[in-house]
Amino acid sequence: MSDLAELHPRFTLVGRDRDVAILHNALAATRAGRGDVVLIGGEPGVGKTALAEVIARDAQRAGLLTLRGACSTGDATSALRLWIDLFVRYPLSPDALALPPAFAVRGTIGPVASQMELFAHMHHFLVALTARQPVFLLLEDIHWADADSLKLLRFLARLAFALPLLIVVTYRDNELTDRHPLAEFLLNLVREADPTRLTLRSLDPGDVGALVAVHYDLAAADAGRLIAYLNRQTGGNPFYLIELLRSLVDMGVLRKGDNGDTLGDLTRFDIPRPLQQLIGGRIGRLGTETQRLLSWLAIIGQEAPLALWATVAQVTESTLIEIVEMAERERLLDATRDGARVVFVHDLIREALYEAISASRRRQMHGAVGAVLAAERDPDPEATAYHFQRAGDARAVRWLVAAGWKARRAFAWTTAAQHFEAALPFLERETGQEQQRECAWLYYIAAYISIYQDRGKSLAYNEKAVALAVRTGERVLLPYARFNAGYCHFWLGAMFAGLRGMDAAVREIEAFDAADRQQADEKFRTDALPKTQDPLSTFVLHLAHVGRYREARARGEANVRRYETARWERQDEDAVRAADTFSGLAQVYAALGRPDEARAAYARAKDGYSAANQRTHVGLLSHRELVYVILPYLTDDLDARRQVAVEANDTYARDMGEVPIAAGWAYAQLDYLEGNWNNILPHIRAFFDAPAVHVGPRLMTVDIFNVCRYRSDAGTAWRAIERVLGDGQRREFGDCLFSEAVSAFRLAAALSLDGSTLADGRRWIELHTAWLEKSGAIHGRSEEEALWARYYRLAGDSGEAYAHARRALVHARKPRQPLALLAAHRLLGELATEANHSYRAAAHLRASFAYAARCRAPFERALTEVAHAELCLQQGEPEKARLFLHAARNTVVRLGAVRLLPRIETLLAQQPAMRGTKAAYPMGLTAREVEVLRLIAVGYSSKRIAAALCISDKTVNTHVNHIFGKTGAENRVQAVEFARKNGIVGGSPVAE
């Protein structure tokens, strides 16, 4: 009979052939240079660690550098503990790569300038490490990981495929709830990194039978009894199988014999499944004192220093060494290589011991451990706070605050917030003035930390900070907390209330005397407090967000003068404080048609955010620069638009900062323009998954829902409009993000006109006009005039349509807007074609073609090709028209823009009798009447014909009446029969 110690962990790989093969394939790919992320989930004891350890050994033999980090109970409130643990185990040697600065002191996390800097250091470290040899990272039990460890893992997972880096992660899937941090992490990881997922299940009866057959030489009847017993007692859980078999061997039920193994009477040893009872016998054989000492170890944690264990248990280390040796023989404990620490061989063993201790005794023991930790020379505030919390000891508050500041300095914001949140209710009960002031500032910090993760919570904390600041007379803090409360209201959707609150707070700050300003500067220069942007600056940005451009410009330019005349002690503080001002001014200048000034302001804003290590904001600015400046004004500068998109996307890909944004967002508008429409679909889905009001670039992508419009999915486009506008046409100026709202107005107007609902279309255009007037914006004027032209064209007023189209062209020229020029020239060409002004139409369409080519805009070119084909048919050039139409159809089919196909097919069906002459149709039918007749023949209603030909229902009915009069038909069926007999259409007539 095999020794069970040798069977583990290979023992538990029975039934895991497929999983092992997948992991070996991942190893091979990593050695070839392409890494992977493998997630191994399953219930406790199912063999996750055993599988991972076997693969880790195989990776080491294959030449991969193998690094391991693990989490245990209590680590969820310990900032970056997973990575601290990994670097504690990192093998140091004279030629070893230097550790990232944040982890240079083993066993702790050092201060960093920003979360982005931490991520960048880890990125550079792994790039350098994998340049030496392929790397295998084994990260265990991440269901216990703190949120900031998961953020770093999520960031690194994005990089694995570009490096010879294999990351294998284990976690318990039975403990995941919707609110567990790991649940959200896994959803994001699956979307962003497409990891390999393995879900381990308990062994089925066949696997248990195979295991018994391989390792035990039993008679068939005995083997059957043992297999049935094991299945009944363990449910196929590998860890329980090992423990139960060990117990059967220890009790003599399962014995080795010279002529085969033997199995005794199992009914006399019906061991219940609970783990405490499965391993209780083994621990009991070690004696009462050993049980007591192991209980202390279970209280300390999954892994503990021998010295700490000896101190809390009040024994010598020599005594513990004897205990460790006995426990190792029983496969309960392992010692680390240096012998200074011990670890349970499986977390289930520690949990079983822990649960066996009464609740009141556990509280007492946790308090004792906390007291020992607190007395150390350099105590770990997180571990100390954890044990005092478990003990219900009031001393936990001090250590929670210390742990919060430690996490804050490491930019582990989520963990810092957890510590402050746990401490604040207790600290608030303190009656001393200084304690109340400290509490006010801590509420402010907790609110600041939470502002991107949970604005509702941040608002509540800011309001508590305001109340405490009023109570304690904390003049400096009060307006800052009020300002941030207004900020939260704004991003929770109450924009009027938010701006009022911010405005009032700004006025208070502007009224500060010299002493107040000095105190504020000193407060916000500390490492612990956020180096916040100046509220006066942030207010400018938010005025710009809602389209109050005149106010934003006046305040912003006043701020610039103030910054330029001030004498800050450190130059970078000026840049940081001014960042939001320049960001707001850039948005204003872009809207006012001043692209050069907008780009200069964006550059200044990026400098400020870079100085503050707010890399996510730098990416957002590049994205906004693309949307607000490059695409409207410099569309045909192909290098500029690609460069700015790459800048934004690279920042998103590297940074997990406060506002995690999926890589690829920055390319959404380019993909729409450049005809990569399928790339947009994931972003359209993400649009509806994102929070209702989101600071990310989702706010600038409403125009891409034209993809849905042209793909005949108007429902999705209307859903996007509803999500942006809520109450739709009742939305008030200033209570909605301006750029998002006006692009939604344009889309809504276009959709309404597509459906020939002219009254609705007019109302949407009027809203667009009113908002532009109130904002003073120049950008959008050309598009607005083009919508009015389309409206009057459908209404049958060609004069008004032409006048508005001319104004669209004028607005597109000042300042120069290539896409708007393209569309305006095309519209004028179509109108001139309808008016039989061929020369004028040709000139406009040539200009439209030129802009489409310079802008690399295939769909826009296809629209122009269709317009040009109509002109060619009118001029009697059918072959030229056919070339245009086939080119347009190829583009439309590739993009899936099916809404344009009927118009193309109708034009392709026109067959003039003689090349080089204008088409002649029977009974004097005009080209437009033939178009209408062909659409009737394929079953189109008047409404669909109007949408397909971009004319009104009334105009369609006029054409139909003319057709009836000229052909002598009394209804549509007879008209189609006439068309069929005269070769205008083929096939059978359709029912009316």
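Quick caveat: nothing in here was measured; it's all calculated off a predicted structure. (Residues numbered from 1 in each chain as written. Predicted model: local features only at pLDDT ≥ 70, side-chain atom pairs only at ≥ 80, totals over all residues. Heavy atoms only, no water.)

This part is about the overall build of the protein. Each helix and strand in the protein was counted, giving 47 helices and 10 strands. For the C-alpha atoms alone, the extent of the protein along its principal axes is close to 110 × 85 × 50 Å. Of all 992 residues assigned to the protein, the portion counted as buried reaches 58%. Of all intrachain contacts in the protein linking residues separated by at least 6 positions in sequence, the fraction that spans at least 24 positions is 68%. One finds the centroid of the 121 positive side-chain charges in the protein at a distance of 5 Å from the centroid of its 118 negative side-chain charges. (Helix = DSSP H or I, 4+ residues; strand = E, 2+ residues; numbered from the N terminus. Buried < 20%, exposed > 50% of the residue type's maximum accessible area, 1.4 Å probe, protein only. Contact = heavy atoms within 4.5 Å. Lys, Arg positive; Asp, Glu negative; His and termini not counted. Charge placed at Lys NZ, Arg CZ, Asp CG, Glu CD.)

Glancing now at unusual backbone geometry. A negative phi angle is the norm for most residues apart from glycine, just as the trans form is the norm for most peptide bonds. With an omega dihedral of -5°, the bond running from Lys814 to Pro815 counts as a cis peptide bond. Here Pro815 shows up in the loop between α38 (798–813) and α39 (818–834).

For the rest of this paragraph, the subject is the pairing of strand β1 (residues 36–42). Most of β1 is tucked away: 7 of the 7 residues are buried. As defined by bridge partners, β1 adjoins strand β4 (residues 165–172) across 7 bridges and the pair is classed as parallel. What sits directly across from Asp36, in β4, is Leu166. Where β1 lies against strand β5 (residues 196–199), 4 bridges are found, and the strand directions are parallel. Opposite Ile40, over in β5, you have Leu198 as the bridge partner. (Pairing = 2+ DSSP bridges.)

With 13 residues, helix α7 (residues 181–193) should cover 18 Å at 1.5 Å per step; its first-to-last C-alpha distance of 18 Å lies within 8% of that length. Buried within α7 we find Leu182, Ala183, Phe185, Leu186, Asn188, Leu189 and Ala193. Residues of α7 that are buried make contact with β1, α6 (147–159), β4 and β5. (Expected span 1.5 Å × (residues − 1).)

As a further point, take the sheet that holds β1. Strand order in the open sheet made by the 5 strands is β2-β3-β4-β1-β5, with parallel pairing throughout. Two strands close off the open sheet at either side, each with one partner strand: β2 (65–70) and β5. The sheet shows a mean angle of 15° between the axes of neighbouring strands, direction not considered. The strands that helix α4 (residues 81–88) touches are β2 and β3 (135–140); relative to β2, the one it contacts most, it runs at about 135°. Sitting on the sheet, α7 is in contact with β1, β4 and β5, with an inclination near 145° to β1. (Axes fitted to C-alpha atoms, helices over the stretch in contact; angles between N-to-C directions.)

Below, the discussion takes up the nonpolar core. Trp83, Ile142 and Phe705 are the most contacted members of the largest nonpolar core, which has 194 residues in total. Broken down by element, the residue count for this core peaks at 11 residues, all from helix α20 (residues 433–450). Setting aside residues up to four positions removed in sequence, Trp83 forms contacts with Phe103, Met122, Leu137, Leu139, Ser149, Leu152, Leu153 and Leu156. Listed in part, the 33 residues of the second largest apolar core include Ala298, Ile299, Leu353 and Val369. (Core = buried A, V, L, I, M, F, W, Y, C linked by side-chain atoms within 4.5 Å.)

Turning to the sheet that holds strand β10 (residues 341–344), a few remarks are in order. In a beta sheet, neighbouring strands are held together by backbone hydrogen bonds and run either parallel or antiparallel to one another. Taken in spatial order, the 3 strands line up as β8-β10-β9 in an open sheet, and their pairing is antiparallel. The open sheet is flanked by β8 (303–305) and β9 (333–335), the only strands paired with a single partner. Between one strand and the next, the sheet's axes are offset by a mean angle of 25°, whatever the strand orientation. Where β8 and β10 come together, 3 bridges link them in antiparallel fashion. Note that in β10 the partner of Glu303 across the bridge is Val343. Packed onto the sheet, helix α12 (residues 288–300) meets β8, β9 and β10 and runs at close to 90° relative to β10.

Attention shifts here to the packing of helix α18 (residues 396–409) against α20. Axis separation between α18 and α20 bottoms out at 12 Å; the angle between their running directions is 40°. Classified by the angle their axes make, α18 and α20 are oblique. Judged by the sense of rotation from one axis to the other, the crossing of α18 with α20 is left-handed. Here Val401, Trp405 and Arg408 of α18 come into contact with α20, specifically with Glu438, Leu442, Ile445 and Ile449. Class assignment of the residues belonging to the contact of α18 with α20 gives a composition of 5 nonpolar, no polar and 2 charged. (Parallel < 35°, antiparallel > 145°, perpendicular 65-115°, else oblique. Left-handed = near helix turned anticlockwise from the far one by under 90°. Nonpolar A, V, L, I, M, F, W, Y, C, P; charged D, E, K, R; others polar.)

Time to look at helix α34 (residues 714–725). The end-to-end C-alpha distance of α34, which contains 12 residues, comes to 16 Å, matching closely the 16 Å that a straight helix rising 1.5 Å per residue would cover. Taken as a whole, α34 has its buried residues at Thr716, Ala717, Ala720, Ile721, Val724 and Leu725. One side of α34 holds all its buried residues, which, seen down the axis, span an arc of 160°. (Arc of directions from axis to C-beta.)

What follows concerns the packing of aromatic side chains. Overall, the coordinates contain 24 aromatic pairs when judged by the stated rule. Taking 5.4 Å as the distance between ring centres and 80° as the angle between the ring planes, the aromatic pair formed by Tyr549 and Phe738 counts as edge-to-face. Of the two residues, Tyr549 sits in helix α26 (residues 549–565) while Phe738 sits in helix α35 (residues 738–754), which places them 189 residues apart along the sequence. Each member of the pair, Tyr549 together with Phe738, is buried. Three or more aromatic residues joined by ring pairs form one cluster here, namely Tyr549, Trp718, Phe733, Phe738, Phe745, Trp764 and Trp771. One cation-aromatic arrangement involves Arg854 over Tyr851; the distance from NZ or CZ to the ring centre is 4.5 Å. (Phe/Tyr/Trp six-rings, centres within 6.5 Å; stacked < 30°, edge-to-face > 60°. Lys NZ or Arg CZ within 6 Å of the ring centre and 35° of its normal.)

As a general rule, the predicted coordinates of low-pLDDT regions are not to be interpreted in detail. Chain-level pLDDT for the protein is 85 on average; 91% of the residues reach the 70-or-more range. Within the model, the stretch residues 693–699 combines pLDDT values under 50 with 31 contacts to residues more than four positions away or in other chains. (pLDDT = per-residue confidence, 0-100.)

The next subject is the side chain of Thr30. For Thr30, the location among the structural elements is in helix α2 (residues 17–31). You can call Thr30 buried: its relative accessible area is 0%.

Right, let's talk about the side chain of Ser782 for a bit. With respect to the helices and strands, Ser782 occurs in helix α37 (residues 781–794). The exposure class assigned to Ser782 is buried, which follows from its relative accessible area of 2%. A polar side-chain atom of Ser782 sits 2.7 Å from the main-chain carbonyl oxygen of Ala808. For Ser782, the contacting residues outside a window of four places in its chain are Ala808, His811, Ala812 and Ala820. (Polar contact = N/O pair within 3.5 Å; in protein donor to acceptor, adjacent residues only side chain to side chain.)

Let us now look at the environment of Tyr229. Note that Tyr229 resides in helix α9 (residues 220–234). Tyr229 sits in the buried class, given a relative accessible area of 1%. Note: C-alpha distance between Tyr229 and Glu330 (101 residues apart in sequence) is 23 Å.

Right, let's get into the pattern of salt bridges. All told, the structure shown has 56 salt bridges when counted by the stated rule. Close ionic contact of Arg68 with Glu53 constitutes a salt bridge, the shortest N to O distance being 3.4 Å. Placement of Arg68 in strand β2 and of Glu53 in helix α3 (residues 48–61) is noted, with a sequence separation of 15 residues between them. Of the residues examined, Arg68 reaches a relative accessible area of 29% and is grouped as partly exposed. Here Asp380 and Lys406 are joined by a salt bridge, their closest N and O atoms 3.8 Å apart. Taken together, the positions of Asp380 in the loop between α16 (359–374) and α17 (381–391) and Lys406 in helix α18 put the pair 26 residues apart, joining distant regions of the chain. (Salt bridge = Lys/Arg side-chain N within 4 Å of Asp/Glu carboxyl O.)

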